[in-house]
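So you can see what is in the structure, the chains are spelled out below.
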Amino acid sequence: MRKVNQKGWFFVLPVLILVAFNALVPMMTVVNYSVQETFGDNVFFWQGLDWFQQILRSERFHAALGRQFLFTAMILAIEVPLGVIIALSMPRKGFWVPVCLVTMALPMLIPWNVVGAMWNIFTLPDIGLLGYLMNHTLGIDYNMTQDPVAAWITVIVMDVWHWTSLVVLLCYAGLVSIPDAYYQAAKIDGASNWSVFRYIQLPKMKQVLTIAVLLRFMDSFNIYTEPFVLTGGGPGNSTTLLSIDLVKIALGQFDLGPAAAMSLIYFAITLFVSWLFYTLMTRNDAK
Amino acid sequence: MALELQAITKRVGQVTHIKETTLVLEPGRFNVLLGETGSGKTSLIKAMAGLDRVASGRILMDGKDVTGMSPQKRNISLVHQFFVNYPHMTVFDNIASPLRVAGLAKSEIQGRVEAAADVLQLRPMLHRRPHELSGGQQQRTALARAIAKESTAVFLDEPLANLDYKLREELRDQLPDLFAGRGAVVVYATSEPAEALMLGGRTALMQDGRVTQFGPTAEIFRNPNTLTSAKVFSDPPINSAPVTKKGDRMELGHGVGWALTGAAAGLKDGAYTVAIRPNYISPVRTDRAHVPMTGTVQITELSGSESTAHFRMGAETWVSLAPGVHPYRVGEDREFFMDPAQCFYFAPDGAFVA
Amino acid sequence: MAKITLDKLRHSYMGNPKGPEDYALKEINLDWQDGGAYALLGPSGCGKSTLLNIISGLLQPSEGRILFDGEDVTGLPPDRRNIAQVFQFPVIYDTMTVYDNLAFPLRNRGVDEARVASRVAEIAAMLEVTEMLKTRASNLSPDNKQKISMGRGLVRDDVNVVMFDEPLTVIDPHLKWKLRSKLKELHQRVKVTMIYVTHDQTEALTFADQVVVMQDGEIVQIGTPVELFERPAHTFVGHFIGSPGMNVLPAELKGETAFFNGAAVTLEGGVAPGAGRHEIGIRPEFVTLAATGLPATVRKVSDLGRHSVVEAIAGDTRISAIVEGAVPGQGETVHLAFRPDQTRLYRDGWIASEKGRAA
């Protein structure tokens, strides 16, 4: 019999331990809370699936989930095409390449809470650059602390500013890997710019685009820091996304049981949609 | 000082890449692995080098079992089809890198690198970096590294494939001399029959992960053991067609037949396959014994010194390759003459019979 | 289909070329007839790919003009030149089927679907890929991918020229041979002007009716394969074409007689008097082992199956001979005889002996 080398497990062990402590153990705690009720002092009462039923039936959860999907759909609809367009228009050779790359990477280097704070100050109607310009110079009534539409627009613009670069850089990496011969052949074959995009660039970008969409979906679906710092979920509940709502329930109201059940539902949704995206986008590769 | 493969096999998942192979490769002469892409040459080299694990069997180097040993411990060199050099190091440092890893004294390294550089005419380039070199010089650097390392086994995996035709010819001419007298087992993989012949030494023919024949290169070229071996070792491809033996004659059909002499005359009557290399079918008759065959010329190629004609006779296409210039017209019917003394005969299962 | 004229073409990749050494292409003048099969042959960096890209319009020449049927196309972009090109590595539109790949150049030009279908069917039959038409092109083997690339080049029947840029580089030798004959056959059938760029003499000589040999941005010789083989105009051509290449022996010229190592060598004919560096050129195919002749020591014998190459040393010059049948052993002394009508004299690299005219 051939001996299978088991040494590999040894090298994976540290990672397994790390994952166990920062993911599995906390998650089991959450599962623990989600099926029990506690009033402190480590006294627990069995609740079964009551919290799950309560969350799934709650209108507050439905509203937050709806806002979350709307937010994610909007930023994907903007960032993916915009990222592709910017990547296509970036130079592929010469002096401007590093300049463009560094400029593109800059927003991503800024910590998330700083981004939130920056945009908060930026949009203040009386002292923020954008807020002042809109209200006093252009005469547009813009106050995102009072107007839900303005708040939404600001949150989305902020996310686009912060994260489109990720899509750009990934697509750019896909584009530069296309050999010149493809473009030359297309020129000679008389292909239009659209055909070049559709039949050469898009197929070659597809793999990185899949990764980009997945990353952007997961990040935006779990987004917390930036909108929380920017709007605090307001005005009213208008920008209270799932994660913000979750924190409100868990730490604001200290309803640990429902919050735990909600986290698990939240996690299941994220996992399911990611799987769906991945399956749909790679479905054709096997053929 | 030999490299011995004892009944090795190699599998990746469910796919068998190398079927049971036993070979003894000796130093002093080139050991050529000849086969098409995908025939298992690179797989076999990787197994011999220890880069891939064998599923069964043993590999011995100088009689010592190295089957499970990592490549680092085997004292081997590998030169790849693509020019693999460290881009940030000078030619000197590239050649010296394995010696530094081995912890040799500075003076020893200096001496060995310079000696290898002299052999490969790299002396003036020792302080350049790989990107300042031509493809031929880059591959010379890789070869010099293998020579300076004084490995027990050197594996050359189609090292000339990415070089210009003339450069390839030049380097191929020098290669056997470079390794002569170094005591290393040299294994050279190629997909070109002509290259195997020019390198000489011994050749192992490979097809579908199996060594079909192994022996002195020119000898196995003239004495294929199976139809497969004959096909692997022919460029342009060998002509082959079904024939029937009746009495002392071999019949090809279309009214073409010939009297048998020698070993072929002793065969039992029945169906065989005849194979003959294109250079033994000529547009001119130089011997009364040559067998005329009439066909329609389909494709002609003229390389200056040789003329090639593809002609169709019944359902089969035959190829003739003759020295000199022969004016063929596409579409014409003309006679070609086949030398029956150069025919190989194979049994229906492909085994050589006469 | 068109006649192609290159008129005083020069190209430099530098913005401000000074001497001739700054030019990747030094003045090129050429006339290619309609329907011919041509090859550009030379080592890496000789300028052949530059020339090809200028003809296809991917590159603008620094100076000179390109004419198709007398019409100046120098300023036209590739898609307006009505040409097709096959690249070194197969270019395949991965997401399309083989059929759509072949149809692509036609559809881009608004050819109606019925015509597309018939052209694609015709080309697929010629290339023997009919049964693959419905498969996705990304799943093909490299040689089939290259066949499809060739097919895209040949599918339009109105092209001026089809160009091949080392198209067999990635193809296995046994398939190389098949694709080469396929291409030859296609040319014999469709009669469109084809230009084939390669560093491989065998590919160039077997494919082309006329071969252009290039070195350092210049054309060294234009000729049929037989002319290039038998009477190279320059020692470079003699060396580059043929395997092994032509033997080049240092010589001395006294009057009209050439001497190698002090012995007189009979040439093909007379030599115009003149000064310079003289060399004798004789192909290994025309060197025989004889009872008398130039004495030499055998250095190496390679048995190539069909024949052997005997490499001998006379003085300190290596001379190769192609020998059929019995060969001498290493270290033996042999006598080499040169076939007089194939023995040429070169002066400063260029041919100086004249065929037929007696010395």
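Residues numbered from 1 in each chain as written. Chains lettered and ligands numbered in written order. Predicted model: local features only at pLDDT ≥ 70, side-chain atom pairs only at ≥ 80, totals over all residues. Heavy atoms only, no water.

### Observations regarding the domain arrangement of chain B
Residue and element names in this part refer to chain B.
Thinking step 1. Structurally, chain B comprises domain 1 (3–232) and domain 2 (239–346).
Thinking step 2. Distance between the C-alpha centres of domain 1 and domain 2: 38 Å.
Thinking step 3. Summing both sides of the interface, domain 1 and domain 2 together bury roughly 540 Å²; the carbon and sulfur share of this comes to 69%.
Thinking step 4. At the surface where domain 1 touches domain 2, the tally comes to one residue pair in polar contact (both at pLDDT 80 or more).
Thinking step 5. Listing elements by their share of the side of domain 1 that touches domain 2, those giving two or more residues are helix H7 (217–222) and helix H8 (227–232).
Thinking step 6. Examining the composition of the side of domain 1 that touches domain 2, we find that three residues originate from one element, H8, more than from any other.
Thinking step 7. Residue classes in the side of domain 1 that touches domain 2 are distributed as four nonpolar, one polar and two charged. (Domains from an automatic or database assignment. Buried area = accessible area lost by both parts, 1.4 Å probe. Polar contact = N/O pair within 3.5 Å; in protein donor to acceptor, adjacent residues only side chain to side chain. Helix = DSSP H or I, 4+ residues; strand = E, 2+ residues; numbered from the N terminus. Nonpolar A, V, L, I, M, F, W, Y, C, P; charged D, E, K, R; others polar.)

### Some points on the interface of chain B and chain C
Thinking step 1. Across the boundary between the two partners, chain B contributes 35 residues, which contact 36 residues of chain C.
Thinking step 2. Summing both partners gives a buried area of about 3200 Å² for chain B against chain C, and 52% of it is carried by carbon and sulfur.
Thinking step 3. Ranking the residues of chain B by area buried against chain C places B:Tyr165, B:Lys166 and B:Glu301 at the top, with a combined share of 20%.
Thinking step 4. Across the contact surface, chain B and chain C share four salt bridges.
Thinking step 5. As a salt-bridge pair, B:Glu301 and C:Arg180 come within 3.4 Å of each other at their nearest N and O atoms.
Thinking step 6. The interface formed by chain B and chain C contains 10 residue pairs in polar contact (both at pLDDT 80 or more).
Thinking step 7. Here the side of chain B that touches chain C takes six residues from helix H5 (residues 165–179) of chain B, the largest share from any one element. (Contact = heavy atoms within 4.5 Å. Salt bridge = Lys/Arg side-chain N within 4 Å of Asp/Glu carboxyl O.)

### A few points about the interface of chain C and chain A
Thinking step 1. Contacts between chain C and chain A engage 23 residues on the former and 18 residues on the latter.
Thinking step 2. Buried area between chain C and chain A, summed over both chains or domains, comes out near 1700 Å², and the portion from carbon and sulfur atoms is 60%.
Thinking step 3. If you sort the residues of chain C by the area they bury against chain A, C:Leu58, C:Phe87 and C:Tyr93 come out on top, with a joint share of 26%.
Thinking step 4. Between the two partners, chain C and chain A, sit two salt bridges.
Thinking step 5. Where C:Asp94 meets A:Lys204, a salt bridge forms, and the shortest distance between an N and an O atom there is 3.3 Å.

### Side note on the packing of aromatic side chains
All names here are of chain A.
Thinking step 1. Overall, the coordinates contain 28 aromatic pairs over all chains when judged by the stated rule.
Thinking step 2. Relative to Phe122, the ring of Trp119 lies with its centre 5.3 Å away and its plane at 85°, an arrangement referred to as edge-to-face. Of this pair, Trp119 and Phe122 both sit in helix H5 (residues 112–123), three residues apart, which is roughly one turn of that helix.
Thinking step 3. Classification of Phe122 by relative accessible area gives partly exposed; the value is 28%.
Thinking step 4. Between the aromatic rings of Trp194 and Phe197, the centroid separation amounts to 5.7 Å while the plane-to-plane angle is 40°, which identifies the pairing as tilted. Taken together, the positions of Trp194 and Phe197, both in helix H9 (residues 193–221) and three residues apart, correspond to about one turn of that helix.
Thinking step 5. Its relative accessible area of 57% is what places Trp194 among the exposed residues.
Thinking step 6. Exposure remark for Phe197: the relative accessible area of 17% places this residue in the buried category. (Phe/Tyr/Trp six-rings, centres within 6.5 Å; stacked < 30°, edge-to-face > 60°. Buried < 20%, exposed > 50% of the residue type's maximum accessible area, 1.4 Å probe, protein only.)

### Here we look at helix H5 (residues 173–190) of chain C
Thinking step 1. For H5(C), built from 18 residues, the straight-helix expectation of 26 Å at 1.5 Å per residue is met to within 8% by its first-to-last C-alpha distance of 25 Å.
Thinking step 2. C:Lys191 lies just past H5(C) and shows a positive phi near 55°. (Expected span 1.5 Å × (residues − 1).)

### Quick look at the environment of B:Arg145
All names here are of chain B.
Thinking step 1. For Arg145, the location among the structural elements is in helix H4 (residues 135–148).
Thinking step 2. In the structure, Arg145 is positioned 47 residues away from Pro98 in sequence and 7.6 Å away in space, judged by C-alpha atoms.
Thinking step 3. Those residues within four positions of Arg145 in sequence are excluded, and the remaining contacts are Val84, Asn85, Tyr86, Asn94, Ile95, Ser97 and Pro98.
Thinking step 4. Reaching out from Arg145, the side chain makes a polar contact with the backbone oxygen of Val84 at a distance of 2.7 Å.

### Quick word on unusual backbone geometry
Thinking step 1. For the peptide bond that leads from B:Asp235 to B:Pro236, omega is 0°, which places it in the cis range.
Thinking step 2. Within the secondary structure, B:Pro236 is located in the loop between H8 and strand E11 (239–246).
Thinking step 3. C:Ser243 connects to C:Pro244 through a cis peptide bond whose omega is -5°.
Thinking step 4. Note on placement: C:Pro244 falls in the loop between helix H8 (235–240) and strand E11 (247–254).

### Concerning the side chain of A:Arg67
Residue and element names in this part refer to chain A.
Thinking step 1. Counting through the fold element by element, Arg67 comes out in helix H3 (residues 59–89).
Thinking step 2. An unpaired buried charge is present at Arg67: no salt bridge exists, and Asp245, the closest side chain of opposite charge, is 5.6 Å distant.
Thinking step 3. Beyond its immediate stretch of four places on either side in the chain, Arg67 contacts Trp152, Asn237, Ser238, Thr240 and Leu241. (Lys, Arg positive; Asp, Glu negative; His and termini not counted.)

### With respect to the nonpolar core
All names here are of chain C.
Thinking step 1. Counting residues in each nonpolar core, the largest one holds 82 residues, and the members touching the most others are Leu6, Trp32, Phe68 and Ile195.
Thinking step 2. For Ile195, the contacting residues outside a window of four places in its chain are Ile4, Trp32, Tyr38, Leu40, Leu52, Ile55, Val161, Val162, Met163 and Phe164.
Thinking step 3. Counting 48 residues, the second largest nonpolar core, distinct from the first, contains Leu41, Leu102, Phe164 and Ala208. (Core = buried A, V, L, I, M, F, W, Y, C linked by side-chain atoms within 4.5 Å.)

### Section: the pairing of strand E4 (residues 56–61) of chain B
Residues and elements named next belong to chain B.
Thinking step 1. Looking at chain direction, strand E1 (residues 3–12) and E4 are connected through five bridges and run antiparallel. Directly across from Gln6, in E4, lies its bridge partner Arg58.
Thinking step 2. Of the strand pairs in this sheet, E4 and strand E5 (residues 64–65) are connected by two bridges, and their pairing is antiparallel. Among the inter-strand pairings, Leu60 is bridged to a residue of E5, identified as Asp65.
Thinking step 3. Connecting E4 to the next strand, E5, in antiparallel fashion are two residues, including Asp62 with a positive phi near 50°. (Pairing = 2+ DSSP bridges.)

### Examining the domain arrangement of chain C
Interface size is often expressed as the accessible area that is lost when the parts come together.
Residue and element names in this part refer to chain C.
Thinking step 1. Domain boundaries in chain C define domain 1 (4–230) and domain 2 (244–351).
Thinking step 2. Carbon and sulfur atoms make up 49% of the surface buried where domain 1 meets domain 2, a total of about 430 Å² over both sides.
Thinking step 3. Among the residues of domain 1 in contact with domain 2, Val220, Phe229 and Glu230 are the three that bury the most area, contributing 94% of the side total.
Thinking step 4. Counting across the interface, domain 1 meets domain 2 through zero salt bridges.
Thinking step 5. Viewed at the interface, domain 2 and domain 1 are joined by two residue pairs in polar contact (both at pLDDT 80 or more).
Thinking step 6. The dominant element in the side of domain 1 that touches domain 2, judged by the number of residues it contributes, is helix H7 (residues 225–230), at three residues.
Thinking step 7. Per-class residue counts for the side of domain 1 that touches domain 2 are three nonpolar, no polar and one charged.

### Some words on the packing of helix H2 (residues 98–107) of chain C against helix H3 (residues 113–127) of chain C
Residue and element names in this part refer to chain C.
Thinking step 1. H3 packs onto H2 with a crossing angle of 130° between their chain directions and a minimal axis gap of 9 Å. Classified by the angle between their axes, H2 and H3 sit oblique to one another. Crossing of H2 over H3 shows right-handed handedness. Within the contact between the two elements, H2 uses Tyr99, Leu102, Ala103, Leu106 and Arg107 and H3 uses Glu113, Val116, Ala117, Arg119, Val120 and Ala124.
Thinking step 2. Its residues assigned to classes, the contact of H2 with H3 comprises eight nonpolar, no polar and three charged. (Axes fitted to C-alpha atoms, helices over the stretch in contact; angles between N-to-C directions. Parallel < 35°, antiparallel > 145°, perpendicular 65-115°, else oblique. Left-handed = near helix turned anticlockwise from the far one by under 90°.)

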